[in-house]
Amino acid sequence: GNLGPTYGAQFRNSGGVDQLRSVIASIRNNPDSRRHNIALWNPSKIDDMRLPPCHGNIIQFHVNGKDLSCQMYQRSGDMFLGVPVNIAFYSLLTYLVAKDCGLKPKEFIHVIGDAHVYRNHIEQCEEMLSRKPKDLPTLKIHLLPRGRLAEAVSLMKNMSWEEICEIIELTGYKPHRGIKGSVAI
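All values derive from a computational prediction rather than experimental measurement.

Draft legend 1. View of the pattern of salt bridges. Inspection of the entire model under this criterion finds five salt bridges. One salt bridge in this structure joins Arg-12 and Asp-18, with 2.7 Å as the shortest N-O distance. For Arg-12, a relative accessible area of 22% translates into the label partly exposed. Across the pair Asp-100 and Arg-28 runs a salt bridge whose closest N-O atoms are separated by 2.6 Å. Of this pair, Asp-100 sits in helix H3 (residues 82–100) while Arg-28 sits in helix H2 (residues 19–29), and the two are 72 residues apart along the sequence. Connected through salt bridges with shared partners, the residues Arg-12, Asp-18 and Arg-21 form a single ionic network.

Here is the structure:
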């Protein structure tokens with residue numbers, strides 16, 4: 001169903017501000033600023049959201065020379081189902097913003113206020129922790145001209161998965177078999 005004005009809505013229209021476009025402009029025009037921030041926690045919209053943002057409460061980018069890092073504060077983190085997806089998403093976002101700004105992605109720093117494992121996920125977490133890590137894949141971004149990330153994100157909403165895979169290429173990705181688990185709220 002519809003979650004209301006959360007996550008993506010706040011990225012692209014938080015009180016009339018396109019935060020993604022604004023932070024990219026800030027990084028390009030004033031790379032030494034300490035104000036390269038996006039906030040998905042919008043107090044004026046919390047009551048309209050079915051689930052207030054767990055992640056992205058504050059997202060801060062930092063430029064050091066030609067390197068771009070991203071730190072994200074997450075108020076609540078489901079360590080089995082949510083956090084792995086959050087890590088992948090914000091790592092990709094860091095890579096895309098860096099590419100768009102002519103920088104090199106350096107690191108993603110993840111801060112979690114309430115990290116938790118639900119009782120119905122304990123066996124799944126034990127299985128996940130028993131696995132040996134595999135080699136990391138390589139990420140390549142194609143067809144993304146510098147300075148066009150905000151437009152590309154808007155276009156991707158109407159693209160098929162196959163079309164998106166022509167832009168974002170992940171090679172050498174050899175995951176373990178999936179582990180199923182129910183969403184716990």
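Draft legend 2. Here's a closer look at the pairing of strand E2 (residues 58–64). The side-chain alternation of E2 yields one buried face, formed by Ile-59, Phe-61 and Val-63, and one unburied face, formed by Ile-58, Gln-60, His-62 and Asn-64. Sheet analysis places strand E1 (residues 37–38) next to E2, joined by two bridges and oriented antiparallel. Looking across to E2, one finds that Asn-37 is bridged to Gln-60. Relative to strand E3 (residues 67–74), E2 is paired through seven bridges, and the arrangement is antiparallel. Bridge pairing in E3 links Asn-64 to Asp-67. Counting the residues that bridge the hairpin from E2 to E3 gives two residues, and of these Gly-65 lies at a positive phi of roughly 70°.

Draft legend 3. Summary view of the sheet that holds strand E5 (residues 104–112). Sheet architecture is open: four strands sit in the order E1-E2-E3-E5, paired in mixed fashion. The open sheet has two edge strands, E1 and E5, and neither has a second partner. Running at roughly 145° to E5, H3 makes contact with E2, E3 and E5 of the sheet.

Draft legend 4. Local environment of the packing of H2 against H3. Contact pair H2 / H3: the axes reach a minimum separation of 10 Å and the direction vectors enclose 50°. It follows that H2 is oblique to H3 by the angle criterion. Remark: the crossing between H2 and H3 carries right-handed chirality. Every residue of H3 that contacts H2 at Leu-20, Ile-24, Ile-27 and Arg-28 is listed here: Leu-93, Val-97 and Asp-100. Considering only residue class, the contact of H2 with H3 consists of five nonpolar, no polar and two charged.

Conventions and cut-offs
- Residues numbered from 1 in each chain as written.
- Predicted model: local features only at pLDDT ≥ 70, side-chain atom pairs only at ≥ 80, totals over all residues.
- Heavy atoms only, no water.
- Salt bridge = Lys/Arg side-chain N within 4 Å of Asp/Glu carboxyl O.
- Buried < 20%, exposed > 50% of the residue type's maximum accessible area, 1.4 Å probe, protein only.
- Helix = DSSP H or I, 4+ residues; strand = E, 2+ residues; numbered from the N terminus.
- Pairing = 2+ DSSP bridges.
- Contact = heavy atoms within 4.5 Å.
- Axes fitted to C-alpha atoms, helices over the stretch in contact; angles between N-to-C directions.
- Parallel < 35°, antiparallel > 145°, perpendicular 65-115°, else oblique.
- Left-handed = near helix turned anticlockwise from the far one by under 90°.
- Nonpolar A, V, L, I, M, F, W, Y, C, P; charged D, E, K, R; others polar.

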